[in-house]
Amino acid sequence: MKDELRAVIYCRVSTQEKVQIDALQTQIREARKTVADNKWLLIDQYIESESATTAEGRREYLRLYSDMSTGKFDIIVIKSEDRLNRNVKDWYLFLDELTKNDKQLYLYLDRSFYKPDNTLLTGIKAILAEQYSRELSKKINNAHRYRQEHGTTALITNATFGYHKEPDKSVSIMEEEAQIVRRMYELTAAGYGSRSVSIMLMNEGIRNRNGNQFTDTTIRRIIRNPLFKGVVVMNKKHFNFEKKKMIQNPESEWIYHKGLVPPVVDEKLWEDANRMMDLNRRGNLSSRRRGEKSDMFVFTGKIFCGCCGSVFYKTSRRSAGDPSVIINEWKCSEYLRNGRVKKSRRDQIRVVQKKSDLGCDNIHLKQEELIQMIEDLAVRYLGNPENNLTDQIMQTLQDVLSQHKNSIHIDFLDRQLEGIRRKKGILLDKLLDGVIVDQDYKDKLEDLNLKEKSVKEQKNQFNRKEIETQETRERLNSIFQKLQADGNKKIMSVIMLKLIRKIIVYPQKLVLEMDVSDAVSDPERIDLSGYQITIPVNEYFSKKETIRREKQRQMLQLLGKNPDWTIKKLAESLEEPYAKVRRWIEKYRKTGQVRFVGKGGKGYWEVSLETA
């Protein structure tokens, strides 16, 4: 060989070896010594610090492959054929490029140049190497499956919310986080969608480990995960050697283990929550048949109890007359937790806007009646909408979406990662050239690894945000399509709901507190009488319930004035069936509000003065 021949070296770790800097350093030294011994001029070095089985996974290999078509060098120095490829197709593509560009390949382990006559032999070696990797992949997959089938520990990390991995690999419950998980399941089982649950948890002061709001995506994943009922699912994925990536296994091959982790929720609650989530996912078909588009009206966090100050929650139930029909109602959360007011509490004065833990007697509101009220208020106070209102709404949606530019952050972080990789390469060069000592190299490398880990974590966060942004984009587009389909009246109703800051519910009325400061472009055309609107309950809500309550009030007043009346006489005066009035009397007797003094039908009624 002539002195002026230019050489480059290519070094990488083997696919079956752990990446060890010492082994890579030895390989680099041997390659550089080979160049020096043959009196070639070292032009460049291509160092692969991470193992990969395909050409696409190796940056330095791709750079070498690209440089082969230039006049940069004459000789490529490698340790052996398997340093380049363990894939037959990639090997032959490399040889074709080598021959086409009149380059030479030197294998310093054999101390010889590759010759075209060796094509068959090296091809066989490449086939054997590829088959070895394939068999190794099968063995690894089989070993994983065996461990999963016969394992006694759950393959989870401390990142799993609600659980903690102990040093002995056992799993324990983190009770503080487990309570949050149970709350998610309870709200979902009660009929709330994941977005509503997210808002409700936020209103209750519940945050995730980072102090942020739980996203609806996170809540759905938690609800769907059988881990929280004590069932560990394994073998959901495996590495496919041919495709060189992880692929999903069919559900028939999944492995289920019960008892490896303690359950956070019982199986019934888990099933109820998932069943209700299925109903919400199907979009409540029975409501759609009635023309109700309740998802456009976000009441969550707006409705409060005037009796105890608690927030109202949405619940769902099936109609007694038609089980296929779902009835959505809003109820005081204090009532949902503790039912009606206890007897011992009835003698105490209830303070408005002060929460208790002893129940609530306030009324319930049906979703469709709430929507009807909002639509009527929109017509009354906002008037006829402008013709171009839908265009204004569309522009608003586009403005919201334009604020989410996660891709810019992801590109920036990718550039940071590329810079860190370059610094690692420069650092390795300095070590090999003797510029820095081993300890300095290890310290600097550790620092770069920490920075790389931090940047990757940030990138993962922005990737998750990008997914959430895409989901938001799809939801907003869906809402806009519905607004277009429903016309401007529906749009004005949504705007009217935005003007309402709070809805305070009392047994006889609803008080709507308004906030029009920045909600509309022309607030002067809205007359909201001191920014409050009062709606009588019987104008929209539960008219039958209001009539029944009034009848019962009259009954108690009549008993207070006529304590010697019989139930029959009382029913005739109220013009109600005897059986109904008797049920009412029994109800108030159980609560202690009405008491009969005497025996055998002879005696008199005592009625609480507060009740009467």
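Quick caveat: nothing in here was measured; it's all calculated off a predicted structure. (Residues numbered from 1 in each chain as written. Predicted model: local features only at pLDDT ≥ 70, side-chain atom pairs only at ≥ 80, totals over all residues. Heavy atoms only, no water.)

Engineer: With reference to specific residues and values, describe helix H2 (residues 59-67).
Structural biologist: Buried within H2 we find Glu60, Tyr61, Leu64 and Asp67. An end-on view of H2 places all buried positions within 130 degrees of arc, on one side of the element. (Buried < 20%, exposed > 50% of the residue type's maximum accessible area, 1.4 Å probe, protein only. Helix = DSSP H or I, 4+ residues; strand = E, 2+ residues; numbered from the N terminus. Arc of directions from axis to C-beta.)

Engineer: Quick rundown of the nonpolar core? Include the residues and the values.
Structural biologist: A general trend in soluble globular proteins is that nonpolar side chains are found buried together. Ranked by internal contacts, the top residues of the largest apolar core, which has 34 residues, are Phe299, Ile303, Leu365, Met373, Met496, Leu510 and Leu512. For this core, the secondary structure elements donating two or more residues are strand S12 (303-305), strand S14 (326-332), helix H12 (367-382), helix H16 (488-499), strand S16 (500-505), strand S17 (509-514), strand S18 (532-536) and helix H17 (537-540). Ranked by the residues each element gives to this core, the list is headed by H12, at seven residues. Leave out the neighbours within four places in its chain, and Leu510 touches Leu365, Met373, Ile503, Ile504, Val505, Ile533, Thr534, Ile535, Val537 and Phe541. (Core = buried A, V, L, I, M, F, W, Y, C linked by side-chain atoms within 4.5 Å. Contact = heavy atoms within 4.5 Å.)

Engineer: Hey, could you go over empty space enclosed by the protein for me, with residue numbers and the actual values?
Structural biologist: Tallied over the entire structure, the rule returns two cavities of 30 Å³ or more. There is about 30 Å³ of room inside the second largest cavity. What lines the second largest cavity is simply Tyr192, Met200, Thr300, Gly301, Val311, Phe312, Tyr313, Lys314 and Trp330. Per-element tally for the lining of the second largest cavity: the top contributor is strand S13 (residues 312-318), with three residues. For the lining of the second largest cavity, the per-class residue count stands at six nonpolar, two polar and one charged. (1 Å grid on protein atoms, 1.4 Å probe; cavity = no way out; pocket = protein on both sides within 12 Å on 5 of 7 lines; lining within 4 Å. Points joined across faces, edges and corners; volume = space filled by probe spheres on them. Nonpolar A, V, L, I, M, F, W, Y, C, P; charged D, E, K, R; others polar.)

Engineer: Explain the environment of Tyr163 residue by residue, including any values.
Structural biologist: Its location among the elements puts Tyr163 in strand S6 (residues 163-165). Classification of Tyr163 as buried rests on a relative accessible area of 0%. For the pair Tyr163 and Leu227, spaced 64 residues apart in the sequence, the C-alpha separation amounts to 10.0 Å. Within the structure, Tyr163 has its side chain in polar contact with the backbone oxygen of Pro262 (distance 2.8 Å). (Polar contact = N/O pair within 3.5 Å; in protein donor to acceptor, adjacent residues only side chain to side chain.)

Engineer: Give me the lowdown on the sheet that holds S16, citing residues and values where you can.
Structural biologist: Spatially, the four strands line up as an open sheet ordered S12-S16-S17-S18, and their pairing is mixed. Only two strands of the sheet have a single neighbouring strand rather than two, namely S12 and S18. Each strand of the sheet is rotated relative to its neighbour by a mean of 25 degrees, with strand direction disregarded. Both S12 and S16 contribute to a ladder of three bridges, which runs parallel. Within S16, the position partnered with Cys305 by the bridge is Val505. (Pairing = 2+ DSSP bridges. Axes fitted to C-alpha atoms, helices over the stretch in contact; angles between N-to-C directions.)

Engineer: Describe the packing of helix H6 (residues 175-189) against helix H8 (residues 216-224), listing the residues and the values that go with them.
Structural biologist: Close contact between H6 and H8 brings their axes to 10 Å; oriented N to C, the two are set at 90 degrees. Judged by the angle between their axes, H6 and H8 are roughly perpendicular. Facing Val181, Met184, Tyr185 and Thr188 of H6, the residues of H8 in contact are Ile219, Ile222 and Ile223. In terms of residue class, the contact of H6 with H8 is made up of six nonpolar, one polar and no charged. (Parallel < 35°, antiparallel > 145°, perpendicular 65-115°, else oblique.)

Engineer: Can you break down the packing of H6 against helix H7 (residues 194-203) residue by residue, with the values?
Structural biologist: For the pair H6 and H7, interaxial distance at closest approach is 10 Å and the crossing angle is 130 degrees. Taken as axis vectors, H6 and H7 run oblique relative to one another. Pair H6 / H7 crosses with right-handed handedness. Residues Arg183, Met184, Leu187 and Thr188 of H6 touch H7, and the partners they reach there are Val197, Met200 and Leu201. (Left-handed = near helix turned anticlockwise from the far one by under 90°.)

Engineer: Pulling in residues and values, what's your account of the sheet that holds S14?
Structural biologist: Picture the strands of a sheet paired through backbone hydrogen bonds; they go either parallel or antiparallel. Spatially, S13-S14-S15 is the arrangement adopted by the three strands of the open sheet, whose pairing is antiparallel. This sheet does not close on itself; its edge strands, each paired only once, are S13 and strand S15 (365-366). Pairing analysis gives two bridges linking S14 to S15, with the strands arranged antiparallel. The residue bridging Glu329 from the neighbouring strand is Lys366, located in S15.

Engineer: Outline the packing of aromatic side chains, listing residues and values.
Structural biologist: Tallied over the entire structure, the rule returns 11 aromatic pairs. Judged by centre distance (6.1 Å) and plane angle (35 degrees), the rings of Tyr61 and Phe94 are tilted. On the criterion of sequence distance, the pair formed by Tyr61 in helix H2 and Phe94 in helix H4 (residues 88-100) is long-range, its members being 33 residues apart. Of the two residues, Tyr61 and Phe94, neither departs from the other in class, the shared state being buried. Put simply, the rings of Tyr10, Tyr61, Tyr65 and Phe94 pair up and form one aromatic cluster. Over the ring of Phe73 we find Lys103; its NZ or CZ atom is 5.1 Å from the centre of that ring. A cation over an aromatic ring shows up here: Lys569 above the ring of Trp565, its NZ or CZ 5.3 Å from the ring centre. (Phe/Tyr/Trp six-rings, centres within 6.5 Å; stacked < 30°, edge-to-face > 60°. Lys NZ or Arg CZ within 6 Å of the ring centre and 35° of its normal.)

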